[in-house]
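So the chains spell out like this:
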Amino acid sequence: MNENVLAKLKILAESAKYDVSCSSSGTVRSNKPGTLGNTVGGWGICHSFAEDGRCISLLKIMLTNYCIYDCAYCINRRSNDLPRATFSVSELVELTMEFYRRNYIEGLFLSSGVVRNPDYTMERLVRVAKDLRQVYRFNGYIHLKSIPGASRELVNEAGLYADRLSVNVEIPKEENLKLLAPEKDHKSVFAPMKYIQQGVLESKEERQKFRHAPRFAPAGQSTQVIVGATSESDKDILFLSSALYGRPTMKRVYYSGYVSVNTYDKRLPALKQPPLVRENRLYQADWLLRFYQFKVDEIVDDAYPDLDLEIDPKLSWALRHPEQFPVDINKADYEMLLRVPGVGVKSAKLIVASRRFSRLGFYELKKIGVVMKKAQYFITCKELPLQMLTVNELSPQRVRSLLLPKPKKKVDERQLRLDF
């Protein structure tokens, strides 16, 4: 690797680190004669390359960090004075292949700043993926960030070469997006999302008729929302996520705690640290929406527009609805078992399967994997230790105090709320 390419790599890997939407997709590309590499299950493709020595398997890079936009929250905004670099298509393709041959990576996560116009930038991203697939016969994982405002033709071509495509929403509300990124709007974001969705669905129909028809973005699409840069409540964010998950090809919504990289911009909140606690609670709530059959208005509503930062969303829901408990573990249906704090998807399935053969008690549940520290206040079963009382006997406030984690260090309040 020559020094010029290495210098670009350092700059563009650093510029790409703030995009979190690059975890495992589960896509499979088996090795074929005449091709190089494979993507087995997609699991483990969830890291990015950086020079600090972290173990990674995905080259997370930008084609360029030059950008015509001046988004207040972005480190690569036009008005920032920082080192800039641009890879040529051939340089980036050769770099990816060199890293793959050395077993540094399993695939590529490629994004870019916008230069000239969205179509010019998107065309260069597509050329990278196309050359990897057709010239070098690369069969590993490729995740491309579609450029907001790109034409349908280029998005459709990108889907033929990439495993996953994504377009970042960034700011949930249009008025706040206009405040921080006046040159952008939600229309330019949702249009490529629609093109991706249509491409995936059309490809699926085509493959039902013709077995060897090309696959279009087989791992679907994802997006990212910035948390804490604007005044949206968790309710606003989760309603947007729920609407996006209503689309058949949306696989993941990622939540990125706002990192204060442009402290001079007075439109942005003054945060000492990213709101990591809030980010974590949003991921937990997202999990409830996707796997635990919760609706958004059960997790957050007008009375509780923000998630409780001290306890997880499922426990918070349970404490607000003590009338639903205790649940008889040996009789309750699967859907109700999922709502018991301490019972996960796997343990709920094991409970349903196991109770066909015998009645379950405290110790059987513990062996199954139920977190009895939480669940004991919300269930009845064959036997519980005599001193255990339910949420209705103790009161929700008392159960909450018993389950609150003991503070290990003082929490910086500035990372938990906005300060405009």
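A quick note: this is a predicted structure, and the numbers were derived from the prediction, not measured.

Reading the values: rules and limits
Residues numbered from 1 in each chain as written. Predicted model: local features only at pLDDT ≥ 70, side-chain atom pairs only at ≥ 80, totals over all residues. Heavy atoms only, no water. Helix = DSSP H or I, 4+ residues; strand = E, 2+ residues; numbered from the N terminus. Buried < 20%, exposed > 50% of the residue type's maximum accessible area, 1.4 Å probe, protein only. Areas by Shrake-Rupley, 256 points an atom, 1.4 Å probe, with all protein chains shown as cover. Phe/Tyr/Trp six-rings, centres within 6.5 Å; stacked < 30°, edge-to-face > 60°. Pairing = 2+ DSSP bridges. Axes fitted to C-alpha atoms, helices over the stretch in contact; angles between N-to-C directions. Contact = heavy atoms within 4.5 Å. Disulfide = S-S within 2.5 Å. pLDDT = per-residue confidence, 0-100. Expected span 1.5 Å × (residues − 1). Polar contact = N/O pair within 3.5 Å; in protein donor to acceptor, adjacent residues only side chain to side chain. Right-handed = clockwise from strand over helix to strand, strands pointing away. Core = buried A, V, L, I, M, F, W, Y, C linked by side-chain atoms within 4.5 Å. Domains from an automatic or database assignment.

As a further point, take the overall build of the protein chain. Of regular secondary structure, the protein chain possesses 16 helices and eight strands. Expressed as a percentage of the 420 residues in the protein chain, the buried residues total 52%. For the protein chain, the computed accessible surface area is about 20,500 Å², with 52% contributed by carbon and sulfur atoms.

With that out of the way, let us pick up the environment of Ile68. Checked against the element boundaries, Ile68 lands in the loop between β1 (58-62) and α2 (89-101). On the basis of relative accessible area, Ile68 is assigned to the partly exposed category, the value being 30%. Separated by eleven residues in the primary sequence, Ile68 and Ser79 have C-alpha atoms spaced 9.4 Å apart.

Using the criterion set out here, one finds seven aromatic pairs in the structure. Note on Trp287 and Phe291: the rings are 4.6 Å apart at their centroids and 55° apart in plane angle, and the pair reads as tilted. Residue Trp287 and its partner Phe291 are both found in helix α8 (residues 276-291); the two are separated by four residues, about one turn of the helix. Judged by relative accessible area, Trp287 falls into the partly exposed class, the value being 41%.

The topology assignment puts Gln397 in helix α16 (residues 396-403). Among the residues examined, Gln397 registers a relative accessible area of 59% and is labelled exposed. Remark: the alpha-carbon pair of Gln397 and Leu319, spanning 78 residues in sequence, is separated by 7.9 Å.

With that settled, consider the sheet that holds β1. The parallel open sheet is built from six strands, whose spatial order is β1-β2-β3-β4-β5-β6. Two strands lie at the open edges of the sheet, namely β1 and β6 (250-257), each paired on one side alone. With strand direction ignored, the average angle separating the axes of adjacent strands in the sheet is 20°. Here strand β3 (residues 141-145) runs beside strand β4 (residues 164-166); their pairing, made up of three bridges, is parallel. Looking at the pairing, His143 lines up with Arg164 of β4.

Another aspect to go through is the side chain of Ser233. Of note, Ser233 is situated in the loop between β5 (221-227) and α7 (234-245). Leave out the neighbours within four places in its chain, and Ser233 touches Arg278, Pro305 and Asp306.

Our next topic: the state of the cysteines. Scanning the model with the defined rule gives zero disulfides in all. Cys71 supplies the cysteine sulfur nearest to Cys74, a cysteine that is in no disulfide, at a spacing of 6.1 Å.

It is worth spelling out the confidence of the model for the protein chain at this point. When pLDDT is averaged along the protein chain, the result is 86; 87% of the residues meet or exceed 70. Confidence drops under pLDDT 50 across residues 40-46; counting only partners more than four residues distant or on other chains, this segment forms 24 contacts. Across residues 48-56, confidence stays below pLDDT 50; counting only partners more than four residues off in sequence or on other chains, it has 15 contacts.

Attention now moves to helix α6 (residues 186-209). Compared with the 34 Å implied by 1.5 Å per residue over 24 residues, the 35 Å span of α6 between its first and last C-alpha is a close match. What α6 keeps buried is the set His186, Ser188, Val189, Pro192, Met193, Ile196, Gln197, Gly199, Val200 and Ser203. Buried residues in α6 make contact with α4 (152-161), β4, α5 (174-180), β5, α7 and β6. Structurally, the start of α6 carries an N-cap: the backbone nitrogen of Lys187 is 3.2 Å from a side-chain oxygen of Asp185.

Quick look at unusual backbone geometry now. Geometrically, the link from Phe325 to Pro326 is a cis peptide bond, its omega value of 0° lying close to zero. If you trace the backbone, Pro326 turns up in the loop between α10 (313-320) and β7 (327-328). The phi dihedral of Arg116 is positive, around 65°, even though this residue is not glycine. One can find Arg116 in the loop between β2 (107-111) and α3 (118-135).

This part is about the pairing of β5. The buried count for β5 comes to seven of seven residues, which makes it a mostly enclosed element. Residues Gln221, Thr223, Val225 and Val227 line one face of β5 and the alternating positions Ser222, Gln224 and Ile226 line the opposite face, and both faces are buried. With two bridges joining them, β4 and β5 adopt parallel strand pairing. Bridged to Ser166 within β5 is Ser222. Read as a crossover between parallel neighbours, the route from β5 over α7 to β6 is right-handed.

Within the largest apolar cluster, 110 residues are counted, with the highest numbers of intra-cluster contacts made by Ile61, Tyr73, Leu238 and Phe378. Take this core: its biggest share by element is seven residues, from α2. If you count residues domain by domain, this core takes at least three from each of domain 1 (1-19 + 40-297) and domain 2 (311-401). Contacts of Tyr73, omitting those with residues within four sequence positions, involve Glu170, Ile171, Leu177, Leu180, Ala181, Lys184, Ile226, Tyr258, Val261, Asn262 and Leu268.

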